[in-house]
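Structural overview
Listed below, chain by chain, are the residues.
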There are 2 protein chains.
Amino acid sequence: MKRLSALHWTILAAVSVLAACAPAPDRQSPNAAADPLPSWREGSARTAVMDFVTTVTDPSSPGFVPEPERIAVFDNDGTLWSEQPIYFQLAFAADRVRALAPEHPEWQSQQPFKAALEGDLETLSAGGHRAILEIVAATHSGLTTDEFAAVVADWLATARHPRFDRPYADLVYQPMLELLAYLRESSFKTYIVSGGGVDFMRVFAERVYGIPPEQVVGSMGDLAYEVRDGEPALVKQPGIFFIDDGPDKPVGIARFIGRRPIAAFGNSDGDFQMLEWTTSGSGRRLGVYIHHDDAEREWAYDRDSPIGRLQRGLDEAPARGWTVVSMREDWTRVYPFEGGM
Amino acid sequence: MKRLSALHWTILAAVSVLAACAPAPDRQSPNAAADPLPSWREGSARTAVMDFVTTVTDPSSPGFVPEPERIAVFDNDGTLWSEQPIYFQLAFAADRVRALAPEHPEWQSQQPFKAALEGDLETLSAGGHRAILEIVAATHSGLTTDEFAAVVADWLATARHPRFDRPYADLVYQPMLELLAYLRESSFKTYIVSGGGVDFMRVFAERVYGIPPEQVVGSMGDLAYEVRDGEPALVKQPGIFFIDDGPDKPVGIARFIGRRPIAAFGNSDGDFQMLEWTTSGSGRRLGVYIHHDDAEREWAYDRDSPIGRLQRGLDEAPARGWTVVSMREDWTRVYPFEGGM
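No experiment lies behind these values; they were computed from the predicted model shown.

1. Some details on the overall build of chain A
Scanning chain A for helices and strands turns up 14 helices and seven strands. In chain A, buried positions account for 49% of the 341 residues.

2. Here we look at unusual backbone geometry
With an omega of 0°, the peptide bond running from Q84 of chain A to P85 of chain A counts as cis. Look at the link from Q111 of chain B to P112 of chain B: it is a cis peptide, with omega at 0°. With respect to the secondary-structure elements, P112 of chain B resides in the loop between α3 (88-100) and α4 (113-118). Of note in the backbone geometry, D229 of chain A takes a positive phi value of approximately 50° without being a glycine.

3. Describing the sheet that holds strand β6 (residues 286-291) of chain B
Residue and element names in this part refer to chain B. As summarised here, the arrangement of the seven strands in space is β4-β3-β2-β1-β5-β6-β7, forming an open sheet in which the pairing is mixed. Taken across any chain shown, the strands that pair with only one partner, and hence form the sheet edges, are β4 (231-242) and β7 (323-326). Going from strand to strand, the sheet's axes swing by 35° on average, the running direction of each strand aside. Pairing analysis gives three bridges linking strand β1 (residues 71-74) to strand β5 (residues 263-266), with the strands arranged parallel. For F74, the partnering residue across the bridge sits in β5 and is F265. Each of β1, β2 (189-197) and β3 (216-228) touches helix α11 (residues 248-256); the most contacted strand, β2, lies at about 130° to it.

4. A short note on the relation of the copies chain B and chain A
Rotating chain B by 180° about the axis while translating it 0.0 Å along that axis superimposes it on chain A, leaving an RMSD of 0.0 Å. Considering both components of the superposition, the chain copies are consistent with a two-fold axis. Within chain B, F256 of chain B has its C-alpha nearest the rotation axis, a separation of 3.1 Å.

5. A short note on the interface of chain B and chain A
One widely used convention gives an interface's size as the accessible area the parts lose upon coming together. The interface is formed by 26 residues belonging to chain B together with 26 residues belonging to chain A. For the side of chain B that touches chain A, the secondary-structure elements that each account for two or more residues are β3, β4, α11 and α12 (272-279) of chain B. Among the elements that take part in the side of chain B that touches chain A, α11 of chain B stands out by supplying five residues, more than any other.

6. Examining the environment of A149 of chain A
Residue position: A149 of chain A is located in helix α7 (residues 145-158). Sequence separation of A149 of chain A and F113 of chain A is 36 residues, and the distance between their C-alpha atoms is 22 Å.

7. Here we look at the pairing of strand β2 (residues 189-197) of chain A
Each regular strand carries side chains that alternate between the two faces of the sheet. All names here are of chain A. Counting buried residues along β2, nine of its nine residues qualify, which places the element largely inside the surrounding structure. Of the two faces of β2, the one lined by K189, Y191, V193, G195 and G197 and the one lined by T190, I192, S194 and G196 are each fully buried. Alignment of strand β1 (residues 71-74) against β2, held across four bridges, turns out to be parallel. By the bridge assignment for β2, F74 is matched with I192. With three bridges joining them, β2 and strand β3 (residues 216-228) adopt parallel strand pairing. Residue pairing for β3: V193 is matched across the bridge by V217.

8. Topic: the packing of helix α3 (residues 88-100) of chain A against helix α6 (residues 128-140) of chain A
Residues and elements named next belong to chain A. Across the interface, α3 lies against α6 with an axial gap of 9 Å and an inter-helix angle of 30°. For the pair α3 and α6, the crossing hand works out as left-handed. Between α3 and α6, the contacting residues are Q89, L90, A93, R96, V97 and L100 on the first element and I132, I135, V136 and T139 on the second. Counted by class, the contact of α3 with α6 contains seven nonpolar, two polar and one charged residues.

9. As for the pairing of β3 of chain A
All names here are of chain A. Where β3 meets strand β4 (residues 231-242), eight bridges bridge the pair, whose relative direction is antiparallel. Across the sheet, R228 pairs through a bridge with E231, a residue of β4. As consecutive antiparallel partners, β3 and β4 are separated by two residues, and within that stretch D229 has a phi angle of approximately 50°, a positive value.

10. Things to note about the confidence of the model for chain A
All names here are of chain A. Confidence in the prediction for chain A averages 90 pLDDT; 90% of positions are at 70 or higher. Taken as a whole, residues 1-29 scores under 50 in pLDDT and shows 35 contacts with residues more than four places along the chain or in a different chain. Both scores are given for the predicted complex: the pTM is 0.89, the ipTM 0.88.

11. A few points about the environment of S82 of chain A
Residue and element names in this part refer to chain A. Residue position: S82 is located in the loop between β1 and α3. Given 24 C-beta atoms within 10 Å, S82 falls into the buried group. Measuring from C-alpha to C-alpha, the distance between S82 and L275 comes to 20 Å, with 193 residues separating the pair along the chain. In this view, S82 contacts L171 and E298; residues no more than four positions away in its chain are not counted.

12. Some remarks on the sheet that holds strand β7 (residues 323-326) of chain A
All names here are of chain A. Across the sheet, which stays open at both edges, the seven strands sit in the order β4-β3-β2-β1-β5-β6-β7 with mixed pairing between neighbours. Edge positions in the sheet fall to β4 and β7, since each has one partner strand and no second. Adjacent strand axes in the sheet meet at a mean angle of 35° when their direction is disregarded. Against the sheet, helix α11 (residues 248-256) makes contact with β1, β2 and β3, and its axis sits at roughly 130° relative to β2, the strand it touches most.

13. Observations regarding helix α6 (residues 128-140) of chain B
An α-helical turn contains 3.6 residues, so a residue and the one three or four places further along point in the same direction. Residue and element names in this part refer to chain B. In a regular helix each residue adds 1.5 Å, so 13 residues correspond to 18 Å; α6 covers 19 Å between its end C-alpha atoms and thus fits that length. Inspection of α6 places H129, I132, L133, I135, V136, A137, T139 and H140 among the buried residues, and these make up the whole buried set. Its buried side turned inward, α6 meets α3, α4, α7 (145-158), β2, β3 and β4. Of the residues trailing α6, G142 is marked for its positive phi of about 100°.

14. Focus: the packing of α11 of chain A against helix α12 (residues 272-279) of chain A
All names here are of chain A. Running from N to C, α11 and α12 cross one another at 55°; their axes reach a closest spacing of 7 Å. Relative to α12, the element α11 is oriented oblique. Residues K249, P250 and I253 of α11 form the contact with α12, whose own contacting residues are Q273, M274 and W277. Classifying every residue of the contact of α11 with α12 gives four nonpolar, one polar and one charged.

15. Section: the environment of D269 of chain A
Residues and elements named next belong to chain A. Along the chain, D269 turns up in the loop between β5 (263-266) and α12. When the C-alpha positions of D269 and R309 are compared, they lie 6.1 Å apart, and in sequence the two are 40 residues distant. Residue contacts for D269: discarding those within four places in its chain leaves R309, L310, Q311, R312 and G313.

Definitions and cut-offs
Residues numbered from 1 in each chain as written. Chains lettered and ligands numbered in written order. Predicted model: local features only at pLDDT ≥ 70, side-chain atom pairs only at ≥ 80, totals over all residues. Helix = DSSP H or I, 4+ residues; strand = E, 2+ residues; numbered from the N terminus. Buried ≥ 20, exposed ≤ 12 C-beta atoms within 10 Å, placed from the backbone. Pairing = 2+ DSSP bridges. Axes fitted to C-alpha atoms, helices over the stretch in contact; angles between N-to-C directions. Contact = placed C-beta atoms within 7 Å. Least-squares fit on C-alpha atoms with pLDDT ≥ 70 in both. Left-handed = near helix turned anticlockwise from the far one by under 90°. Nonpolar A, V, L, I, M, F, W, Y, C, P; charged D, E, K, R; others polar. pLDDT = per-residue confidence, 0-100. Expected span 1.5 Å × (residues − 1). Parallel < 35°, antiparallel > 145°, perpendicular 65-115°, else oblique.

Next comes the structure, spelled out in structure tokens:
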């Protein structure tokens, strides 16, 4: 009964997210006259993106790229949705620690569980993606992948972001939804390549971003195939299998996609090597950093932030020909729920 | 120069493979009147496959499956191409040991290199997919993924199968090429899920099977991202990262695809769990074993074979509702080069 109810709320939440995007970008009928990026202000960032797409899709251009090679990769946290005041998956993990704490009195004195129980965000955030994966593994090993997906769906439907008092999945970036749809209409395959947990992201990536499970690459824990009373199941294990971050993002791309993307989008130094690998291939390439410089509508942080630190990327972007998107200047709106322009 | 020449031969080989399939199944224009499976003889196997596809693609059927859920997974060795007298990737690995032996005098007395140098197929085959991966890792660590792909392409273009005196990639099964094309025309995504090395298979899977790199799941070694003189590269490492076989086939499916397939095709007990996982989901499902019972046109082996052993699968297929395809009875031809029916 509880699972059905969670599913029900998830569907309602999905409908409300889609309804808020007016019109939902990936439902738009193809129309050459319509602006594919209505939330992108005229400027060098918008021009760089549109020039790139125009060139690689034009069969008469020397920069033309055949459809199968049109692979675009996106970081998730801070690139497709917000990541403040803590990674949303960490908020999930902390909520799960609180929910399960009565069965684990030892967590009262044991880190990082203690920090989760006390709401000590600084300690919690210090460990990055690995710490999140370890908390999720510790709290959910023994669950089947289906059971875990139901727990995540329930959380997404009920938890609310502290600043905006909305479901976390409402905090996706409208301009990036438009960009994803624009690329797909231009026969790109769009992938997430994120340090976030793959079992977490796949629960919402298809309904929120239009990115199916097989195009989500992320960090992952160990997994075992078991047959319980004749019913096969995939059961989450405590160990860590792969952390998809930094120099291991190109490794994840090689393993899970098997070809070099031609466009990469990130927001932190954890995405540096993904942009480097993508843009050092031959032919036309696009590397884009989303710069969080909008404290009013979202957050402003970069070089000194423990979450989403962007230092080397800012320093090297100009020389490498990467586009830096100013959320404040380049986007007419940030979230779908802000309404029209 | 050598690389260009290898590429040249690869393209020639590809053209000859395609030319031999008359007409190439995946280039066929959709035609409701044409038989999608001309090399499949009338009988229960053909009927099971066609009934399944008709049902899941019929919106008015209770067994209808929406397009995004139409995932079909195929083992490679013994299911899409032959695997005798040894796995083709093992033939590649042994050839590489011979080619590199002058630089490694220690291999003369060290297994499995000694077996490769002496042509001792029995010893070589005993270790299964893990042994192959270990030989490939030992002989190719330090190479970039691009360099390794060029070595594989060169081998595929020049090495010849001992029995048929043809390039190894000629030994694909014509009925399976038709089946892959038929499923894709029915809006399936077709995946390889194989114990073979992913870096090996991705070199030929797209041109031979029409399966792009991102839909090839396989075993894989460790990989490191390095920047050499400003040029980033992915470099093969000696360690083993993942063996995609037996109970780890469903694990590989969960990690790389992220949803449960509705159809699975294999030929050995190493595919048992993949068929079990696929067919135990709800709704219409299809599990198929290719049975090697045609010593004349291909090979005949099952319960006692060290390669592609099929024992539990044969025993349990009837009770589980899995289809067993007799290569001898159900296929009018095995290889594309056999010509028309």
